[in-house]
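Take a look at the letters that make up each chain.
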Amino acid sequence: MTRTQTWLLGTALSLAAIAVVAAAVAWFRHTHERVEHREPLPPRGEAAWNPLYALRETLRADGVVAETRQRLQPERFAGAPADTVLLHGDASVLSDRRQVAALLAWVERGGHLLVRTPPPDPVAGDDPPAPPALLRALGVDRLRAPGCAALQVAGEEPHVELCGGWRFLLDGDQRPPRLAWGDADGGYAYARLAHGRGHVDVLADFDVLGNDALDEPTHQAMARQLLGPNYGRGTVHLVHDTRRDSLWWRLARDGWPLWLPLALVLAGWLWRRSQRFGPWLPSPAVPRRSLHEHLRASGALLLRRGQASLLHEAVREAFLARLRRRQPAIAALSGEARVHALAEHLQYPHAMVRDALSRTGTEDRHTYFARVRALVQMRSRL
């Protein structure tokens, strides 16, 4: 092929490749459309560890004074009966009777308290725990299995809420709740109880008030109703129990893009630097002179050669030797008298003892094994 023909062939192939690429680009642009997509980023700062951060900022935007903290601190609202306190964590931490009495005395003067049932413990199983002291003081008799409650807001699709916590039953002496979700038989998922001039709202859980739930209109409407009694009159105290993850746990959970490549590099370096001992071959068998192995081999040889009677006789003599040491009175007997005495002493059937001591019929393998097994059992019970 001449230089001119080579040049023409290369040019033709280049033009064909450009045409294929142009056709692929044109097809891609014709069949695909550029669209914008918003990907929500994980929460950062206080929103990453404060579950009531969105609720606090929403209340502040509505002109309500709201603050969040990790401890109850009753002195901050004891003199303000128009305030609202939301205990987001487990009410079981309020085990001091004086603290519970002081909190309920504040409610009697007009305060509004929101509290939830204890969160289910995956280790404890499906058995409901006993109500904490605060709930017992409010008339909660016992807890029931979790169950969802239907929620319907005008203009929104129906769905269910309060599915993640224990339902509760009220004491028979307790006045009926002013507002309730559920019934007295299956348990309430929510109840607003009158306590003096104030109110106490008991819920199965506070999932509808979490940071990732307040962007739905149904949850916003429910949050407004829950905070209704003292809304706009005083300060809303949002108390949450924050348990920050340790640095090591966060590194193990979220730092895998860093430590996984480092672990692979370390494993490769150790493999390169480790000493190699060649292929793994089994060690050569060394000569052994075990008496037990010789005895087993001799017994197997005699059994294959039809000398089962000799083996039975050896087991029989071993049994009689122990009988003479342990029970000389029975060993001194003979015949059926010895069989009868042995059967009475060992609590075995007479026929079994008689067959085991008999010398005849051991040529049959099944008979031989049955008699040897019986002699071994009888010898172990002497």
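Numbering of residues begins from 1 in every chain and follows the order in which that chain's sequence is written. Selection of residues for local features in this predicted model requires a pLDDT of at least 70, selection of side-chain atom pairs for listing and counting requires 80 or more, and totals for whole chains, interfaces and linings are taken over all residues. Excluded from the side-chain calculations are hydrogens and water; all other atoms, namely the structure's heavy atoms, are used.

Describing the state of the cysteines
Disulfides are defined as pairs of cysteine sulfur atoms found within 2.5 Å of each other. Under the counting rule described, the total for this entry stands at one disulfide. Paired through a disulfide, C148 and C163 show a sulfur-sulfur distance of 2.0 Å. Here C148 and C163 share a disulfide; its torsion about the S-S bond, 130°, makes the bridge right-handed. With a gap of 15 residues between them, C148 in the loop between strand 4 (140-144) and strand 5 (149-151) and C163 in the loop between strand 6 (159-161) and strand 7 (167-170) connect regions that are remote in the sequence. With a 1.4 Å probe rolled over the protein chains alone, any residue whose accessible area is under 20% of its type maximum counts as buried; one over 50% counts as exposed, and the rest are partly exposed. On the basis of relative accessible area, C163 is assigned to the partly exposed category, the value being 32%. Helix numbering and strand numbering both begin at the N terminus, where a helix is a DSSP run of H or I of at least 4 residues and a strand a DSSP run of E of at least 2.

Focus: the environment of E161
Within the secondary structure, E161 is located in strand 6. We classify E161 as buried; its relative accessible area is 8%. For the pair E161 and A332, spaced 171 residues apart in sequence, the C-alpha to C-alpha distance is 87 Å. The criterion used for residue contact is that any of the two residues' heavy atoms lie within 4.5 Å. Apart from residues no more than four positions distant in its own chain, E161 is found in contact with C148, A149, L151, V208 and H219. Polar contacts, as used here, are pairs of N or O atoms within 3.5 Å; protein pairs need one atom able to donate a hydrogen and one able to accept it. Residues neighboring in sequence count only if both atoms are side-chain atoms. Here H159 takes part through its side chain, which lies 2.7 Å from a polar atom of the side chain of E161. At a separation of 2.6 Å, a polar atom in the side chain of E161 contacts the side chain of H219.

Section: the side chain of D201
For D201, the location among the structural elements is in strand 10 (residues 198-203). Among residues more than four places away in sequence, those in contact with D201 are H112, L113, L114, V115, Y190, A191, R192 and L226.

Side note on a negative patch on the surface
To count toward a patch, a residue needs a relative accessible area over 30% and no salt bridge; like charges are then connected within 9 Å, while nonpolar side chains (Val, Leu, Ile, Met, Phe, Trp, Tyr) are connected within 5 Å. Each accessible area is a Shrake-Rupley estimate made with a 1.4 Å probe; only the visible protein chains count as cover when residues are assessed. Salt bridge, as used here: a side-chain nitrogen of Lys or Arg that lies within 4 Å of a carboxyl oxygen of Asp or Glu. Under the convention used here, Asp and Glu are negative, Lys and Arg are positive, and both His and the chain ends fall outside the count. Where a charge lies is defined by one atom per residue type, namely NZ (Lys), CZ (Arg), CG (Asp) and CD (Glu). On the surface, E156, E157, D207, D212, D215 and E216 cluster together to form a negatively charged patch. As for its placement among the helices and strands, E216 is situated in the loop between strand 10 and helix 5 (217-226). E216 gets classed as partly exposed once you look at its relative accessible area, which sits at 35%.

A word on the packing of helix 6 (residues 247-254) against helix 7 (residues 256-273)
Where helix 6 contacts helix 7, the axes come no closer than 6 Å and their chain directions differ by 75°. For the element pair helix 6 / helix 7, the angle class is roughly perpendicular. Of the residues in helix 7, those in contact with L251, A252, R253 and D254 of helix 6 are W256, P257 and W259. As a working rule, the residues Ala, Val, Leu, Ile, Met, Phe, Trp, Tyr, Cys and Pro are called nonpolar, Asp, Glu, Lys and Arg charged, and the rest polar, with Gly in that last group. Of the residues in the contact of helix 6 with helix 7, the class split is five nonpolar, no polar and two charged. For every element, the axis is a line fit to its C-alpha atoms; helices are fit only across the contacting stretch, and the angle between N-to-C directions ranges from 0 to 180 degrees. In these notes the angle categories are as follows: under 35 degrees is roughly parallel, over 145 is roughly antiparallel, 65 to 115 is roughly perpendicular, and the rest is oblique.

Quick look at a positive patch on the surface
Side chains of R324, R325, R326 and R379 sit close together on the surface and give a patch of like positive charge. Per-element tally for the positive patch: the top contributor is helix 9 (residues 308-326), with three residues. Mapping R326 onto the fold places it in helix 9. Accessibility expressed as a relative area gives 45% for R326, which makes it partly exposed.

Section: the packing of aromatic side chains
Stacked, tilted and edge-to-face are the three classes applied to pairs of Phe, Tyr and Trp rings, where Trp contributes its six-membered ring and a pair requires centres within 6.5 Å; stacked means planes under 30 degrees apart, edge-to-face means over 60, and tilted covers the rest. What the rule picks out here adds up to three aromatic pairs. Arranged with centres 4.8 Å apart and planes meeting at 65°, the rings of F77 and W106 form a pair that is edge-to-face. Highlighted residues: F77 in the loop between strand 1 (66-69) and strand 2 (84-87) and W106 in helix 3 (residues 97-108), separated in sequence by 29 residues. Taken individually, F77 and W106 each receive the classification buried, so the pair is uniform in this respect. Over the ring of Y231 we find R224, and its NZ or CZ is 3.7 Å from the ring centre. Charge over a ring is defined by NZ of Lys or CZ of Arg lying within 6 Å of the ring centre and within 35 degrees of the ring normal.

Quick look at the pattern of salt bridges
Following the criterion strictly, the structure yields twelve salt bridges and no others. A salt bridge links E67 to R69; the shortest N-O distance between them is 2.7 Å. Note that E336 is salt-bridged to R354, the shortest N-O span being 3.0 Å. Of this pair, E336 sits in helix 11 (residues 335-346) while R354 sits in helix 12 (residues 350-357), and the two are 18 residues apart along the sequence.

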